[in-house]
Amino acid sequence: MDIEKKKAPILDPNIKVDRSALLSSSDSDMKKSIFKCKDHELEIGGKTYVMGVLNLTPDSFYDGGRYTDLDKAIFHVEQMIEQGADIIDVGGESTRPGSSGVTLEEELDRTIPAIKQIKNNFDTIISIDTTKSKVAKEALLQGASIVNDISGLNFDPLIGDVAAEYKAGVILTHTSSKPIDMQEHTSYESVIEDVIRSLEHSIHAAKDCGVDDDRIAIDPGFGFGKTAEQNLTILKNLHEFSKLEKPILIGTSNKTFIGKTLDADIDSRTEGTAATIAVGILNGASIIRVHDIAYMSKVSKMVDAIKNAN
């Protein structure tokens, strides 16, 4: 049986392609800047920085309970650094949807001994994942350089003042509500514009507290008050957040929207996470917050090579 061969379309040589228009968005994403955090400076616009997650909680969605023992936690930090982590993000309170939080004393007891040990044993940047100003202050006193606030300064009005006082870097994340009910608040007129507007408000709040402009980064808050479809939309349009002119962090690692998209349980989301990391970096992310450092640092290195190629 004869199969008719399809001819390739012939391009009209008279059609002019405006290459400047095609490259404008990627060019803006590649602009170099500096993200300052205490005595550290990260050059933004070339290398993607890898933030390793250290959950010191028994109920975190991915690795809850694995590192509540201090010796295990410090060994895990050593592994993450060896595998390519540039920043260690220490958290003592789960922010998974539905979680109800912990007391100030419990969060301090979980995080501060670990931060002291990390500072004493490793030359790395430490981030404190908290929404409490008193936890942020103690963490910064003991060696942390970044305050990673999933509330975007909305839960504790003093946390911005603490960050400003200690010249910390601040990561402002969007969430629709507190973790216990955030997934009940997923209605937006336009998820992209609404999240950008909220982050603008957080940026202004941080600056009003005295946080320097070059010490602010943003995170659209994947999984925090968004449906699976909304998370995909944000990732696809992540370049829109570059209009805020701040380094962009993404925390997609093993999140529920990946599981729903791939029909994959918590232990089978590596490939999905890698895809989100690759797309995120190409769309403007400068920092990736991940659990699997060995795998995702290779993904980010490869994507960086493609992104920075001539």
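Located above this text is the structure these notes cover.
Caption draft 1: Representation of the overall build of the protein within the structure. The helix and strand inventory of the protein stands at 10 helices and 10 strands. Taking all 310 residues of the protein together, the buried fraction comes to 51%. Residue pairs at least 24 apart in sequence account for 68% of intrachain contacts in the protein once pairs closer than 6 positions are excluded. Total accessible area on the protein is roughly 15400 Å²; 50% of this is exposed by carbon and sulfur atoms.

Caption draft 2: Main features of helix α6 (residues 191-209). Compared with the 27 Å implied by 1.5 Å per residue over 19 residues, the 27 Å span of α6 between its first and last C-alpha is a close match. Taken residue by residue, α6 has V191, I192, D194, V195, I196, L199, S202, I203 and A206 as its buried positions. Structurally, α6 contributes buried residues whose contacts are with β7 (169-173), β8 (216-219) and α7 (228-236). Count one or two residues on from α6 and you reach G210, which has phi positive near 105°.

Caption draft 3: Spotlight on a nonpolar patch on the surface. A contiguous nonpolar surface patch, about 320 Å² in accessible area, is contributed by L282, M302 and I306. Judged by its relative accessible area of 48%, L282 is partly exposed.

Caption draft 4: Main features of the nonpolar core. Judged by nonpolar contacts, the single largest core of 63 residues is most densely connected at L54, I118 and F241. A total of 7 residues in this core trace back to one element, the largest contributor, which is α6. Formed by 13 residues, the second largest nonpolar core is a distinct cluster that contains F35, C37, I44 and I146.

Caption draft 5: Spotlight on unusual backbone geometry. The backbone phi angle of K38 is positive, close to 55°, even though this residue is not glycine. Along the polypeptide, K38 turns up in the loop between β1 (33-37) and β2 (40-44). Accessibility expressed as a relative area gives 25% for K38, which makes it partly exposed.

Caption draft 6: Region of the structure containing helix α9 (residues 270-282). Along its 13 residues, α9 runs 18 Å from first to last C-alpha, staying within 8% of the 18 Å computed at 1.5 Å per residue. Here α9 has its buried residues at G272, T273, A274, T276, I277, G280 and I281. Against the buried residues of α9 lie α7, β9 (248-250), α8 (256-262), β10 (285-290) and α10 (293-307). Positive phi shows up at G284, right after α9, with a value of about 120°.

Caption draft 7: How the structure looks around the pattern of salt bridges. Tallied over the full model, the rule gives 15 salt bridges. The partner of D89 in a salt bridge is R289, with the nearest N and O atoms 2.8 Å apart. Taken together, the residues D89 in strand β4 (residues 87-91) and R289 in strand β10 connect sequence positions 200 residues apart. Judged on exposure class, the residue D89 and its partner R289 are both buried. Note that K307 is salt-bridged to D304, the shortest N-O span being 4.0 Å. Placement of the pair is K307 and D304 together in helix α10, with a separation of 3 residues, close to one helical turn. Residue D304 is classed as buried on the basis of its relative accessible area, which comes to 9%. A single network of salt bridges, built from pairs that share partners, joins D89, D129 and R289.

Caption draft 8: Structural detail: the pairing of strand β3 (residues 49-55). Counting buried positions along β3 yields 7 of 7 residues, so the element is predominantly enclosed. Here β3 shows a buried face lined by Y49, M51, V53 and N55 and a second buried face lined by V50, G52 and L54. Inspection of the sheet shows β3 paired to β10 by 4 bridges, in the parallel sense. Bridge pairing in β10 links Y49 to I287.

Analysis parameters
- Residues numbered from 1 in each chain as written.
- Predicted model: local features only at pLDDT ≥ 70, side-chain atom pairs only at ≥ 80, totals over all residues.
- Heavy atoms only, no water.
- Helix = DSSP H or I, 4+ residues; strand = E, 2+ residues; numbered from the N terminus.
- Buried < 20%, exposed > 50% of the residue type's maximum accessible area, 1.4 Å probe, protein only.
- Contact = heavy atoms within 4.5 Å.
- Areas by Shrake-Rupley, 256 points an atom, 1.4 Å probe, with all protein chains shown as cover.
- Expected span 1.5 Å × (residues − 1).
- Patch = residues over 30% accessible without salt bridge, like charges linked within 9 Å, V, L, I, M, F, W, Y side chains within 5 Å.
- Salt bridge = Lys/Arg side-chain N within 4 Å of Asp/Glu carboxyl O.
- Core = buried A, V, L, I, M, F, W, Y, C linked by side-chain atoms within 4.5 Å.
- Pairing = 2+ DSSP bridges.

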